[in-house]
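# Notes for the structure review
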Amino acid sequence: MSQALLQSSITSLPLLGRGKVRENYAVGDDRILMIASDRLSAFDVIMGEPIPGKGALLTRMALFWFDRLQGLVPNHLTGDDPLSVVTPEEREQVAGRSMLVKRLKPLPVEAVVRGYLAGSGWAEYQASGSVCGVPLPAGLRNADKLPAPIFTPATKAEMGDHDENISFETMAGIIGVDLATRVRDISIQLYQRAADFALTKGIIIADTKFEFGLDENGTLTLMDEVLTPDSSRYWPVESYAPGCNPPSYDKQFVRDWLEAVRIDGQPWGKTGPAPALPAEVIDRTLQKYEEALQRLTA
């Protein structure tokens, strides 16, 4: 495995921005080189230690899902080789962890679909009996499967801030009713197709988030990553049991460690800098990602 990439340094292309995990470089006016680093974020804080090989695993998984979900909605892939747009000296930073994609106008909302009650949805349900304005039956437990998948959008936070759950009506106020309705309906279809397939591989996709943009013709287009353990909650079927947080293939392993760690006797305040991740947490996290990819693609 090549050396861990905490941050890329492509100088032959203009840098558009660095996200929590990905870095985007302009390729002309109409394409973007999207590089998945080995950074890990939890509670919207970037960890100081990389997870070696994570970016390549995420890229393989995203490409796998883009392929399986074809036909429901156009996606941002160009089919062009990412290595073709950088210098020979920069190819090591790009190989296996990059996508060359269409430049889109991103929608300022995240399209979250939940098939199970977990995470912030579970917390909100306990307080109000609903999630993002969607009323749910009484008596549900943590990790219960919902009667049908629900669409629970969120605003996109700036780096370091937390995404904020919003109602469909609020989302419609931001991007318009027609576009919001299309995003909701397509997101649920994407989730359902992916979740049905994952179950055949022994994986429950409890929830996920999609991101969309518009191309120059106004065509709704699926973009960014899709259905990776960074943007989804993956549970192995064999250890799933409602009423508690099931073991997972995603970042929950790191979150649980961060929740338990004590700094000078106090819990970590979930603001930067993050506590240093021990080697065993890094190794175990990478194993989780590798196992999820192996199961899905076997």
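Below you will find a few notes about this structure. (Residues numbered from 1 in each chain as written. Predicted model: local features only at pLDDT ≥ 70, side-chain atom pairs only at ≥ 80, totals over all residues. Heavy atoms only, no water.)

What follows concerns helix α4 (residues 168-175). Given 3.6 residues to a turn, an α-helix orients residues that are three or four positions apart in the same direction. Three or more residues of α4 are buried, namely F168, M171, A172 and I175. Seen from one end, α4 has its buried residues packed into an arc of 100°, which puts them on one side. Counted as exposed and oriented over 90 degrees from the buried face of α4: E169 and G173. Buried-residue contacts for α4 involve β8 (109-116), β11 (145-151) and α5 (177-200). Looking one or two residues past α4, G176 carries a phi angle of roughly 100°, positive in sign. (Buried < 20%, exposed > 50% of the residue type's maximum accessible area, 1.4 Å probe, protein only. Helix = DSSP H or I, 4+ residues; strand = E, 2+ residues; numbered from the N terminus. Arc of directions from axis to C-beta. Contact = heavy atoms within 4.5 Å.)

Below, the discussion takes up the pattern of salt bridges. Side-chain pairs of opposite charge can arise whenever the charged atoms involved come near each other. Taken as a whole and assessed by the stated rule, the structure comprises 13 salt bridges. The shortest N-O distance in the salt bridge between D38 and R97 comes to 3.0 Å. One end of the pair, D38, is in the loop between β3 (31-36) and β4 (41-42); the other, R97, is in the loop between α2 (91-94) and β6 (98-102), with 59 residues separating them in the sequence. Like D38, the residue R97 is buried in the burial classification. Between R184 and D185 there is a salt bridge, with its nearest N and O atoms 3.2 Å apart. Given a relative accessible area of 27%, R184 falls into the partly exposed group. Through salt bridges that share partners, R18, E23 and R39 make up one connected network. (Salt bridge = Lys/Arg side-chain N within 4 Å of Asp/Glu carboxyl O.)

This paragraph deals with the nonpolar core. W65, V183, F210, F212 and Y234 are the most contacted members of the largest nonpolar core, which has 70 residues in total. In terms of nonpolar packing, the next biggest core, distinct from the first, is built from eleven residues, I10, L13, V27 and I35 among them. (Core = buried A, V, L, I, M, F, W, Y, C linked by side-chain atoms within 4.5 Å.)

Further remarks concern the side chain of S231. Along the polypeptide, S231 turns up in the loop between β15 (220-223) and β16 (232-236). By relative accessible area, S231 is classed as buried at 8%.

What follows concerns the packing of aromatic side chains. One pair of aromatic rings is described through two measures. These are the centre distance and the angle between the planes. In this structure the tally under the stated criterion is eight aromatic pairs. Members of the aromatic cluster, each reached through a chain of ring pairs, are F64, W65 and F197. Its guanidinium or amino end placed over the ring of F197, R68 lies 3.8 Å from that ring's centre, counting from NZ or CZ. Stacked on the ring of F168, the Lys or Arg R184 has its end atom at 4.6 Å from the ring centre. (Phe/Tyr/Trp six-rings, centres within 6.5 Å; stacked < 30°, edge-to-face > 60°. Lys NZ or Arg CZ within 6 Å of the ring centre and 35° of its normal.)

What follows deals with unusual backbone geometry. Note the cis peptide between G272 and P273, where omega equals 0°. Looking at the secondary structure, you find P273 in the loop between β18 (266-267) and α7 (279-297). Look at F43: it is not a glycine, yet its phi comes out positive at around 55°. Looking at the secondary structure, you find F43 in the loop between β4 and β5 (45-46). Residues other than glycine seldom take positive phi values, yet L227 does so here, at roughly 55°. Within the secondary structure layout, L227 lies in the loop between β15 and β16.

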